[in-house]
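In case you want the letters, here they are:
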Amino acid sequence: MGPHPTRTQPLPAVNHTLRFDESPATRIEWSGGKGSNLSLLTQRGFPVPPGFVVLATVYRKFIAGADGLADALAALPFHDAAGLRDASQRLQKGLLCLPLPGDATDEIREQLRRFPPGMAFSVRSSSTMEDLAGAAFAGQHETWLNVVGADAVLDRVRACFVSLWGDRALAYRHQLGYEHALAAMAVVVQQMVPSEVAGVGFSINPVNGQLGEMVLNANFGLGESVVSGEGEVDQWIIDKATRTVRSAVIACKTRQVVGAAAGTVEIRTDAARAGQPSLDGTQLAELIGLLARVEESYAFPQDIEWAFAAGRLWLLQSRPVTTIPARWTRDESAERFPNVITPLTWDFVESGFHRSLNHSFRLLGFAPFSGKWFSLSDHYVYGNQNAVELYARRAPFAVRSLDGLRAAIPRLREEFGWVQELPVAWMRDLDHYLITLGRLLAEPLPGKSLAELWRYVGEVNALGAEYFLPNIAISIAHGTLYRLLHGLLQLAIGPADAAGLFDHLMAWCDTKTGQINRELFELAALARASADLERVLNTTPSREMILQGTLAGFPEFHARFQRFLRDHGHREVDFDAYVAPWGEAPWVVLDNLRLILQAPMEVTPAQKERELKLRAQQAEVTLFSKLPPDLHFLFHELLRLARIYTSLDDLEHYQTTRLTPVLRRGLRALGERLVECGALAEPMDIFFAHPGQIEAAINADQAEGWVDLAAQVRMQKAAYKIDQARSPEWILGGGRSLETGGGGAGDSGDVLTGLAGSPGVAEGPVFVVLTPDDFARFPKGAVLVARTTNPTWTPLFYGAVAVVTESGGPLSHGAVTAREMGIPAVMSVHGSLTRLGNGRRVRVDGTSGRVQLLPDSLAEVVT
């Protein structure tokens, strides 16, 4: 949850300064990052020293008097550090001669008269570009401490304005691609705290990435010695859950920074005191509590500056922790990317994904994230689990009672309006995406040069990246709404009944996957109407039927089957675009039909849909009978949005896969030409090249370049094949491969543990499904064991008695589908593919998340 409201508020009549306790001061475009945060903390009741913000509007009036600024900026030598420093100094020298606007000067003096005479202030730069797109601007602009007197404060305000044009700030903006002319500066003027001890605190461990640890640094005197990193400091590492000290390092703190008559001075610390802890137990407990409350208030890890003065704890600053050490695991990625991925697919996907991530985080109001969410290692995708837990699984707000919920409603309405607006905007933009895809699909490719074919592929990829921009926001909003609704149900009706009621409320949502499954059932019903066709489908290998044109002998079914492929042929078999979708591998659809034919059709999809709708409607009646009337509308909207985002999350994935046939069309055409050049053995081997390698060879268009590309592709394909044949580590660098087995910490020899996905208990023999090639052999009554499942695997569930997956959670396809089918499921059972072999009998308890191995001497057990 971002700290700043999303809707514009009118600027108050006083338009040069705002006190921290004035509501509009939280606007970052007026108060800058530092000023808006201090104002927000003040208004949330934290112990922030009083102060005010000189608004960015004053800076804009100030800088308007600078003649020739645009020419000076255009001439800055960013390639030459020394030259940039000299040019910056000349620019700043000229700007320091500019006067502050007279009306602003009068207003600043008036604000200062609110404080006692002789009060010392800190004067801090507060850029309007702070906290945007991962740019914290820490240390890039000036801060002045212990400033006394109105004239001195005004001089420091001017100096803060001018620090916007220091060489470090210029270079930083240039590196991030920010337009210098759009930069503006607000200034924070705050009562100085003459601290006896001060320092910083992180609500997570920024060094090792442990989310369950806090880190506190402290020294005697002002916090400058800690922030600057120039002195010895005490350090405590705190267990966040218990708020106890895990470790402490008490340094010999020989020097400290203190206030002087004006400014600060460094002095020696008394030798007897230097080795003593700078915080006692009471202060430590108070500081830990403050840090925990600040993190809860922002719903995100924070880096704070604090100080104790005259026995009182003050909060001087708070900012989000945006650089988080990565912890790479398969927890997040194994469901979405269960198998190896070719280099070309991943290079295309990664750039678009991280672009969408940044766009979506801005849309969501999340703190900026400067790292990577996913990364590829040995052709397997790993997720940054620290990032996942901080961003994707965060609670949007914290309430502990219905009264607290009522009080939070105005804030929810203000900060989460985008949740209402996003589906409408997404549907509006979908038309452009689909129309452009159609144009690209119709564009003739024969006769194009290699360079033109590569540009075509790039255009398809760019369209996909543009379309995908808001889609991560959809996925995160979907999960957040589920957690929010579930949490509020616990608050409203109690934990004992919340889980069951939640499942019933969300029992049915209209999805594209549901539509496709209904159409598959209709095809199966049509096949059952012909004994000959049913026999052929059940006994003839699916690929053979397609290659020999067997279905043409059944005209009505053949026509319906072709229409199904026309409508849904872009549906993926695997995430990797290297793997042919349904339209190019129609035998996969026939395998799905065979599974449906082999399962009893006691309940049709239409009957099942009616049953689920009735269950959801009855659950709504139960819910609203237990809710206070004034909360009916809130819960109605939450339920409506949770259902909308369930449908939207499914639909955006369905529409995303429309890219695959168009991309494969362009790459196949390019690959065919590269085969002619001797660079590839077969057209689709192009997926084993990186984009830069392809582009370099095409641009060179020389025999030597084709030879080099051929060698690179052969080597990369061989590595892919080796990795495809092995099981990846679950924790990257953790030394534990899935081949060693073992999932949760509670695993024992005959019990595997995971996450409860669908309630119930069932027993049966294991059947491991790795790819759609295994579909046709899946026996009715077996326990489906897989890395993960996706919508194309749904027909397997009709014949399964239970489901066990190596990844995923309660919101995954496997869990949702199992709940719809009424069969138990346990998700995220690490090592299940290697611990369980075909035929091994197991008992699956989807309520407790346990898989028990049963005695069976005939089973194929992997130990």
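Trainee: Quick question: what am I supposed to make of the overall build of the chain here?
Mentor: Broken down by element type, the chain carries 31 helices and 26 strands. At 31 Å, the chain has a C-alpha radius of gyration in line with the 29 Å of a compact globule built from 863 residues. Principal-axis analysis of the C-alpha atoms places the extent of the chain at approximately 100 × 70 × 55 Å. A buried classification covers 54% of the 863 residues belonging to the chain. Carbon and sulfur atoms form 54% of the exposed surface of the chain, whose accessible area is close to 36000 Å².

Trainee: Help me understand the packing of helix α17 (residues 471-493) against helix α25 (residues 632-656), please; the structure alone is not making it clear to me.
Mentor: In helix packing, the relevant descriptors are the interaxial angle and the interaxial distance, both defined with respect to the helix axes. Look at α17 against α25: their axes get within 9 Å of each other, and the N-to-C directions meet at 150 degrees. Considered as vectors, α17 and α25 are oriented roughly antiparallel to each other. The hand of the α17/α25 crossing is left-handed. Touching N471, I474, S475, A477, H478, L481, Y482, L484, L485, L488, L489 and A492 of α17 are F635, L638, L639, L641, A642, Y645, T646, L648, D649, E652 and T656, all from α25. Here the contact of α17 with α25 is built from residues that sort into 16 nonpolar, five polar and two charged.

Trainee: Would you mind going over the sheet that holds strand β20 (residues 755-758) with me for this structure?
Mentor: In sheet architecture, strand pairing relies on hydrogen bonds along the backbone and comes in two forms, parallel and antiparallel. Pairing in this open sheet of eight strands is mixed, and the strands run β19-β26-β25-β21-β22-β23-β24-β20 from one edge to the other. Every interior strand has two partners, whereas the edge strands, β19 (751-753) and β20, have only one. Going across the sheet, the axis of each strand differs from the next one's by a mean of 30 degrees, ignoring polarity. Examined bridge by bridge, strand β22 (residues 783-786) and strand β23 (residues 802-805) share four bridges and lie parallel to one another. Within β23, the position partnered with L784 by the bridge is V803.

Trainee: What should I look at first to understand the packing of helix α24 (residues 605-626) against α25 in this one?
Mentor: It is at 11 Å that the axes of α24 and α25 come closest, and there the two elements cross at 155 degrees. Judged on the interaxial angle alone, α25 and α24 are roughly antiparallel. Both α24 and α25 take part in a crossing whose hand is right-handed. On α25, the residues that touch A616, E620, L623 and F624 of α24 are H632, F635, H636, L639 and R643. Considering only residue class, the contact of α24 with α25 consists of five nonpolar, two polar and two charged.

Trainee: Can you walk me through the confidence of the model for the chain in this structure?
Mentor: When pLDDT is low, close inspection of the predicted coordinates is not appropriate. Summing up the model confidence of the chain, the mean pLDDT is 88 and the portion of residues at 70 or higher is 93%. Confidence drops under a pLDDT of 50 for residues 1-8, and excluding neighbours within four residues, the segment shows 29 contacts in the predicted structure. For the stretch residues 131-139, pLDDT sits under 50, and the model shows 24 contacts to residues farther than four places along the chain or on other chains.

Trainee: Teacher, can you tell me more about the packing of aromatic side chains here?
Mentor: Two descriptors summarise a pair of aromatic rings, namely the distance from one centre to the other and the angle between the planes of the rings. Counted by the stated rule, this structure contains 26 aromatic pairs. With a centroid separation of 4.8 Å and 90 degrees between ring planes, the pair formed by F521 and Y798 is classed as edge-to-face. Separated by 277 residues along the polypeptide, F521 in helix α19 (residues 512-528) and Y798 in helix α29 (residues 794-799) bring together distant segments of the chain. The class for F521 is buried, based on a relative accessible area of 8%. We classify Y798 as partly exposed; its relative accessible area is 23%. Through a chain of ring-to-ring contacts, three or more aromatic side chains come together here, namely F337, W346, F353, F374 and F575. Lying across the ring of F220, R273 places its NZ or CZ 3.8 Å from the centre. One residue, R330, lies across the ring of Y382, its end atom 6.0 Å from the ring centre.

Trainee: When you look at the pairing of strand β5 (residues 185-191) in this model, what are you seeing that I'm missing?
Mentor: Walk down a regular strand and you will see the side chains alternate between the two sheet faces. Across the seven residues that make up β5, a large majority, six, are buried. Sheet analysis places strand β2 (residues 51-54) next to β5, joined by four bridges and oriented antiparallel. Paired with V54 across the strands is V187, a residue of β5. In the sheet, strand β3 (residues 120-127) pairs with β5 via seven bridges, with the strands oriented antiparallel.

Trainee: What is the right way to look at the pairing of strand β9 (residues 244-249) in this model?
Mentor: Sheet topology places strand β8 (residues 234-239) next to β9; five bridges connect them, and they run antiparallel. If you follow W236 over to β9, its bridge partner there is A248. The hairpin turn running from β8 into β9, its antiparallel successor, is four residues long, and R243 in that turn takes a positive phi close to 60 degrees.

Trainee: Looking at this structure, how should I read the sheet that holds strand β13 (residues 312-320)?
Mentor: Read from one edge of the open sheet, six strands run β9-β8-β7-β6-β12-β13, paired in antiparallel fashion. The open sheet has two free edges, formed respectively by β9 and β13, since each of these has just one partner strand. Taken pair by pair, the neighbouring strands of this sheet meet at an average axis angle of 20 degrees, ignoring direction. Of the strands in this sheet, β6 (197-202), β7 (213-220), β8, β9, β12 (302-309) and β13 touch helix α10 (residues 281-298), which is tilted by about 145 degrees from β12.

Trainee: Quick question: what am I supposed to make of the pattern of salt bridges here?
Mentor: Two side chains carrying opposite charge are able to pair once their charged atoms lie near each other. Enumeration according to the criterion identifies 42 salt bridges in this entry. Among the salt bridges present, the one from D103 reaches K61, with a minimum N-O distance of 3.6 Å. Pair noted here: D103 is in helix α5 (residues 102-112) and K61 is in helix α2 (residues 56-63), with a separation of 42 residues, a long-range link. For the salt bridge of R673 with E676, the shortest nitrogen-to-oxygen distance reads 3.8 Å. Separated by three residues within a single helix, R673 and E676 lie in helix α26 (residues 659-676), roughly one turn from each other. With relative accessibility at 29%, the residue R673 sits in the partly exposed group. Overall, the relative accessible area of 64% leaves E676 in the exposed class. Each member of the salt-bridge network shares a partner with another, and the members are R439, E443, K448 and E459.

Trainee: How do you make sense of the state of the cysteines when you look at a structure like this?
Mentor: By definition, a disulfide is the covalent link that joins the sulfur atoms of two cysteine residues. Scanning all chains against the criterion turns up zero disulfides. Take C160: it sits in no disulfide, and the sulfur closest to it among the cysteines is that of C97, at 17 Å.

Trainee: Teacher, can you tell me more about the nonpolar core here?
Mentor: Side chains that are nonpolar tend, in soluble globular proteins, to be buried together. W373, Y391, F557 and F635 are the most contacted members of the largest nonpolar core, which has 132 residues in total. By residue number, the principal contributor to this core is α17, which donates 13 residues. F635 has contacts with L405, L485, L488, L489, A492, L623, F624 and L627, leaving out every residue within four places of it along the chain. By size, the runner-up hydrophobic cluster in this structure holds 41 residues, among which are L91, V153, L170 and Y178.

Trainee: Is there a simple way to think about the environment of L405 in this case?
Mentor: Its location among the elements puts L405 in helix α14 (residues 402-415). For the pair L405 and L631, spaced 226 residues apart in sequence, the C-alpha to C-alpha distance is 9.0 Å.

Trainee: What exactly am I supposed to notice about the environment of D378 here?
Mentor: As for its placement among the helices and strands, D378 is situated in the loop between β15 (374-377) and β16 (380-384). Considered as a pair, D378 and G102 are 276 residues apart in the sequence and their alpha carbons are 64 Å apart. Not counting residues within four places of it along the chain, the set of residues in contact with D378 comprises D723 and R726. Reaching out from D378, the side chain makes a polar contact with the side chain of R726 at a distance of 3.4 Å.

Cut-offs used in this document
- Residues numbered from 1 in each chain as written.
- Predicted model: local features only at pLDDT ≥ 70, side-chain atom pairs only at ≥ 80, totals over all residues.
- Heavy atoms only, no water.
- Helix = DSSP H or I, 4+ residues; strand = E, 2+ residues; numbered from the N terminus.
- Rg over C-alpha atoms; globule rule 2.2 N^0.38 Å.
- Buried < 20%, exposed > 50% of the residue type's maximum accessible area, 1.4 Å probe, protein only.
- Areas by Shrake-Rupley, 256 points an atom, 1.4 Å probe, with all protein chains shown as cover.
- Axes fitted to C-alpha atoms, helices over the stretch in contact; angles between N-to-C directions.
- Parallel < 35°, antiparallel > 145°, perpendicular 65-115°, else oblique.
- Left-handed = near helix turned anticlockwise from the far one by under 90°.
- Contact = heavy atoms within 4.5 Å.
- Nonpolar A, V, L, I, M, F, W, Y, C, P; charged D, E, K, R; others polar.
- Pairing = 2+ DSSP bridges.
- pLDDT = per-residue confidence, 0-100.
- Phe/Tyr/Trp six-rings, centres within 6.5 Å; stacked < 30°, edge-to-face > 60°.
- Lys NZ or Arg CZ within 6 Å of the ring centre and 35° of its normal.
- Salt bridge = Lys/Arg side-chain N within 4 Å of Asp/Glu carboxyl O.
- Disulfide = S-S within 2.5 Å.
- Core = buried A, V, L, I, M, F, W, Y, C linked by side-chain atoms within 4.5 Å.
- Polar contact = N/O pair within 3.5 Å; in protein donor to acceptor, adjacent residues only side chain to side chain.

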